[in-house]
Amino acid sequence: MASSYLLQSPNFSTNLKLPSKPTTLKTTPSFLPIKAAAASNNTPTPTPTPTPKSNNIRDKARRQNLTNPPQINNFSAKYVPFGADPSTSTESYSLDEIVYRSQSGGLLDVQQDFSALKAFPGSYWRALFDSRVGKRTWPYGSGVWSKKEWVLPDISSDDIVSAFEGNTNLFWAERFGKQFLGMNDLWVKHCGISHTGSFKDLGMTVLVSQVNRLRKMNKPVFGVGCASTGDTSAALSAYCASAGIPSIVFLPADKISIAQLVQPIANGAFVLSIDTDFDGCMKLIREVTSELPIYLANSLNSLRLEGQKTAAIEILQQFDWEVPEWVIVPGGNLGNVYAFYKGFHMCKELGLVDKIPRLVCAQAANANPLYLYYKSAWGEFKAVKANSTFASAIQIGDPVSIDRAVYALKKSNGIVEEATEEELMDAMALADSTGMFICPHTGVALTALMKLRKSGVIGSTDRTVVVSTAHGLKFTQSKIDYHSNNIKEMACRYANPPVSVAADFGSVMDVLKKYLSKTPRFVGVDGFGLIMEEFVSSISDLDLVDVNGFELHKVIAQRTRQQNWDGKRSKADLNSLTLYRKDHHTFTQCRYGCTACAHRKRMIGGQKVAFHVWGLACQQNNNFWKSRSILNVKLRHI
Ligand SMILES: N[C@@H](CCOP(=O)(O)O)C(=O)O
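Residues numbered from 1 in each chain as written. Predicted model: local features only at pLDDT ≥ 70, side-chain atom pairs only at ≥ 80, totals over all residues. Heavy atoms only, no water.

1. Here we look at helix H5 (residues 122–132)
Definition in use: Relative accessibility thresholds used throughout: buried, under 20% of the residue-type maximum; exposed, over 50%; partly exposed, between the two (1.4 Å probe, protein chains only). Working definition: helices are DSSP H or I runs of at least four residues, strands are E runs of at least two. Numbering for both runs from the N terminus.
For H5, a buried count of eight out of 11 residues is recorded, marking the element as mostly surrounded by other parts of the structure. Turning to H5, its buried residues are Gly122, Tyr124, Trp125, Ala127, Leu128, Phe129, Ser131 and Arg132. Immediately beyond the C-terminal end of H5, within one or two residues, lies Gly134, with a positive phi of roughly 80 degrees.

In C-alpha cells form, the structure reads like this:
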C-alpha cells in the first residue's frame, strides 16, 4: 500500500525497490492513470489486452491516454523573467505564448512548479527516471522525455516530436585520464553521439514539439528559424523535417564545416548563407522573427534549455545519483552551461542529490568574451569580435546567454578557462590517440581540464566529466589539416600522417622495419603514470618532448632497491628514471611527487635538481599518489 502509487505509472517496472509514499501527497499524481490508481487499493492490475499488429508506439501511447486518461495535471511550467525575484515579480507568460524577452527586454526562463514536484520525494523521481531508460515507450524512451514532468509537463505525448535523443554514452576516458592527467575517474559525456551529431537535439526536441502544439492550436507559426554555427541548424532542420514543419536557417558563409552545412540542406531547410559571422546572423534572425511568423529556435528561447538540462540529470543518473566534483562545458552562445546548472540544481532542490558539481566553462581564446569577463572579476562585460577558430561552433563574440552563464558559474563556484588554437588541436589529437574521435570544442574543454590539473585546482582523484558537444565526424577537415601538418604556425606535435609507400614487398618491409624500430618501448608516457617496460640508459635513448614545457638535458635510468620516504625498505626493486632539467632553479619535485616535503630539500642539496619518474611498483605507495602534483613528462623511445 505504502508504495503503490509508483506501480501506477504506466511505464514502471514492477521489480523496483519502491520508495515510501510522501507524507505531503494529498492527491494522486496527475500523470498516473485513473485505472492504475485503483491499484493503490491492492486491486490486481488487469492483464493488458494484446496489441493489434498495426500498432505503433505513438498509437499505443494515444490509446493508453484514451483508456486511462491522465487526471488533471498538477505539474506546470511558465515563462518568467530570468533572475527575477519571485517574491516581487508578477510577470509571467504561458508557454503557449510566443514570447522570447521579458517586458524589460531581459532574458526569460522556464519556471517549473517546484511545489507540485516536491510533493514527491527524490527517491520517487530517481526510480521513475531510472525505470524509463532503455525502453521504447512513447515518448519516455527519449532521454529528454523520460523527464517529461520536469521539462514540458503540459504537452500531450501526441504532440511530441522526438528521435529518442539523449541517453548518450558517459565514456570512461581511462587511457586519456591515466596517461595524460594522472586521473582515474575522468569521464566524457558524449552528447554528440546523437541523432544529428550534437547536444542541440536535446533542446530541439522540446522546442519543435512545442511548435507542433502551437500550430495545432492555430497559433501564427509558419515555420521555425535560427542563426547557427552549424549544430543548431542541423538539429532544427531534422526535427522540423520529421514533423513536416518548415525550417529556415541563417548560416555565416564559409564558417561552418561541410558536414554541418549538408545537414539542413539534406533535411529540406530553407538555407541562407549570409556574408557575416554568427553574431551577424543572430542579429538578423532576431529582427526577422519579430516581423514574420517564424518561431525563433536559438537558445535565446528558454524552451531549448529545458531539453538541454536533461543531460545534467542523465549524468547523475549514470553515476547512480552520485555527484561528480567537476563538469566542464565548452561555451559559445552560453545557453548550455546554464542548462547544466539548471539540471543539477533541480536534482538538488527536489532531493535526488545533496549537492551540485562545480562547473567549468571552456572557451576558445579566439572567441573568449566570458573568459575576459571572468578574469576581470566580473567587472564589465564586453562583447568581442570573434576570430576564426577550429572550434567553429563556439566562434561567438556576443553570446545571448551571457547573464545565464554568469549566474550558473557564480552559483556553482565555477571557473572559466580558455584554449589557444594549438592547445585545443593538440588536446583533440591526444584524445583521439586514446581511442576517442572528438570535436574541436571538446578539445577546448580538455585543454581547460589539463590546465586545471596542472595548477592543482582539479585533483587527481576528483571525479570529472567533460561534456563533448558534437561528433568528431563533423570536423574531419580540421583533423586532416592537423595530421597533414598543414596548419600555419602550429607545430602539430601529435600529427600522424599516412606514409606513402610503393606497392612492392621490399618497400613495405622497409617502412615497417623502420616503424617497428621506433615503436616506443615505454607504455604510458606521462609523468607519474609511467610504466617502464624496459630500461634506457641515457638521454639519447629517448626522444624527450618536454617536462611541463621545460627542456631536459640529462636522463638517468636505474634499477635499485629504493628506500621509502618513511625510511622503510620497499619490497621490490623499482625502476626509476631521473630527468635533469636545464633550468633547475625554478621547479623542483621530490621523488614522491610533492613539492613541499623533506625529500625535496635532500634532493636539491646538490647542484642538480632531479625529477624521479617511478615505475609501476611505486604507484602502490599511497602517499605518493596522495601528495603528488602533476608532472607531464612526454617521452618517446627513439
Ligand atoms: N553553436 C551554436 C550557436 C547557436 O547557439 P544556440 O545556443 O542559440 O543554439 C550552433 O550550433 O549554431
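2. Quick notes on the pairing of strand E6 (residues 223–227)
Heads up, the rule is: Two strands qualify as a pair provided that DSSP identifies no fewer than 2 bridges between them. With the strands pointing away from the viewer, any crossover whose connection runs clockwise from the first strand over the helix to the second is right-handed.
Burial of E6 is extensive: five of the five residues sit out of reach of the surface. Alternating positions in E6 separate into two faces, Gly223, Gly225 and Ala227 on one and Val224 and Cys226 on the other, with burial throughout. Pairing analysis gives three bridges linking E6 to strand E9 (residues 294–296), with the strands arranged parallel. Bridge pairing in E9 links Val224 to Tyr295. Here four bridges tie E6 to strand E7 (residues 247–252), and the two strands are oriented parallel to one another. Bridge pairing in E7 places Ala227 opposite Phe250. As for the winding sense of the linkage, the β-α-β connection from E6 through helix H9 (residues 231–243) to E7 is right-handed.

3. A closer look at the site of the ligand
Heads up, the condition is: Any residue with at least one heavy atom within 4 Å of a molecule or strand is counted as near it. Definition of a polar contact: a pair of N or O atoms within 3.5 Å, with one able to donate and the other able to accept a hydrogen when the atoms are protein atoms, and with sequence-neighbouring residues admitted only if both atoms are side-chain atoms. Surface exposure here means Shrake-Rupley accessible area, sampled with a 1.4 Å probe, where a residue is shielded only by the protein chains that are shown. Side-chain classes follow a simple rule in which Ala, Val, Leu, Ile, Met, Phe, Trp, Tyr, Cys and Pro form the nonpolar group, Asp, Glu, Lys and Arg form the charged group, and the remainder, Gly included, forms the polar group.
Taken together, 13 residues lie near the ligand, and Ser228, Thr229, Thr232, Ser299 and Ala393 sit nearest. Between the ligand and the protein, one listed contact pairs an oxygen atom with a backbone N or O atom of Asp231 at 3.0 Å. Protein coverage of the free-state accessible area of the ligand, which is 330 Å², stands at 96%. Partitioning the shell around the ligand into residue classes produces three nonpolar, seven polar and three charged.

4. Brief notes about the sheet that holds strand E11 (residues 358–364)
Operational definition: Note on geometry: axes are C-alpha line fits, over the in-contact stretch for helices, and angles between N-to-C directions span 0 to 180 degrees.
The strand order across the open sheet formed by six strands is E4-E5-E13-E10-E11-E12, and the pairing between neighbours is mixed. Strand pairing shows two members of the sheet lacking a second neighbour, strand E4 (170–172) and strand E12 (415–419), which therefore form its edges. Each adjacent strand pair in this sheet contributes to an overall mean axis angle of 25 degrees, direction not counted. Where strand E5 (residues 186–190) lies against strand E13 (residues 464–468), five bridges are found, and the strand directions are parallel. Bridge pairing in E13 places Val188 opposite Val466.

5. Quick word on the environment of Ile193
The condition that has to hold: Note on definitions: a residue-residue contact is assigned when non-hydrogen atoms from the two residues lie within 4.5 Å.
Of note, Ile193 is situated in the loop between E5 and helix H8 (200–216). With sequence-adjacent residues up to four places away left out, Ile193 is seen in contact with Thr168 and His471.

6. Observations regarding the UniProt feature "modified residue: N6-(pyridoxal phosphate)lysine" (unreviewed entry) in the protein chain
Cut-off, in case you're wondering: UniProt positions are given in the numbering used here, feature names are shortened, and annotations may be inferred rather than shown by experiment.
Per the UniProt entry, the sites bearing "modified residue: N6-(pyridoxal phosphate)lysine" (unreviewed entry) are Lys200 in this numbering. The residue Lys200 is located in helix H8 in this model. Relative accessible area serves as the criterion here: at 15%, Lys200 is assigned to the buried category. Aside from chain neighbours lying at most four places away, what touches Lys200 is Asp231, Thr232, Ala235 and Arg304.

7. Here's the deal with the packing of aromatic side chains
To be explicit about the condition: Ring pairs shown here join Phe, Tyr and Trp side chains whose ring centres sit within 6.5 Å, with only the six-membered ring taken for Trp; geometry is labelled stacked below 30 degrees between planes, edge-to-face above 60, and tilted in between. Only when the NZ atom of a Lys or the CZ atom of an Arg is both within 6 Å of the ring centre and within 35 degrees of the ring normal do we say a charge sits over the ring.
Under the definition given, this model contains 22 aromatic pairs. With 5.8 Å between their ring centres and 70 degrees between their planes, Trp125 and Trp150 make a pair best called edge-to-face. Note that Trp125 is positioned in helix H5 and Trp150 in helix H6 (residues 148–151), a separation of 25 residues in sequence. Judged by centre distance (5.1 Å) and plane angle (85 degrees), the rings of Tyr373 and Trp378 are edge-to-face. Of the two residues, Tyr373 and Trp378, neither departs from the other in class, the shared state being buried. Each residue in the set Phe75, Phe120, Tyr124, Trp125, Phe129 and Trp150 is aromatic and connected to the rest through ring pairs, giving one cluster. Above the ring of Phe319, the side-chain terminus of Arg463 is found at 4.2 Å from the ring centroid. Against the face of Phe437 rests Lys479, its NZ or CZ located 4.3 Å from the ring centre.

8. As for the environment of Asn74
One can find Asn74 in the loop between helix H3 (57–67) and strand E1 (77–81). Between the C-alpha atom of Asn74 and that of Leu214, which follows or precedes it by 140 residues, the distance is 21 Å.

9. Remarks on the confidence of the model for the protein chain
For clarity, the cut-off: A residue's pLDDT is simply how confident the predictor is in it, with values from 0 to 100.
Averaged over every residue, the pLDDT of the protein chain is 80; the share at 70 or more is 72%. Note on residues 1–46: pLDDT under 50 across the span, and 82 contacts to partners over four residues away in sequence or across chains. When the criterion is pLDDT under 50, residues 581–638 qualifies, and its contacts beyond four places in sequence or with other chains add up to 163 contacts.

10. Let's talk about the environment of Asn485
Mapping Asn485 onto the fold places it in the loop between helix H19 (476–483) and helix H20 (505–518). For Asn485 and Pro497, which are 12 residues apart along the polypeptide, the C-alpha to C-alpha distance reads 7.8 Å. Among all residues touching Asn485, those that are not within four sequence positions of it are Ala491, Cys492 and Ala495.

11. Digging into unusual backbone geometry
Here the residue pair Trp138 and Pro139 is connected by a cis peptide bond, since its omega of -5 degrees sits within 30 degrees of zero. Along the chain, the position of Pro139 falls in the loop between H5 and H6. The backbone phi angle of Glu489 is positive, close to 55 degrees, even though this residue is not glycine. Turning to its location among the elements, Glu489 is positioned in the loop between H19 and H20.

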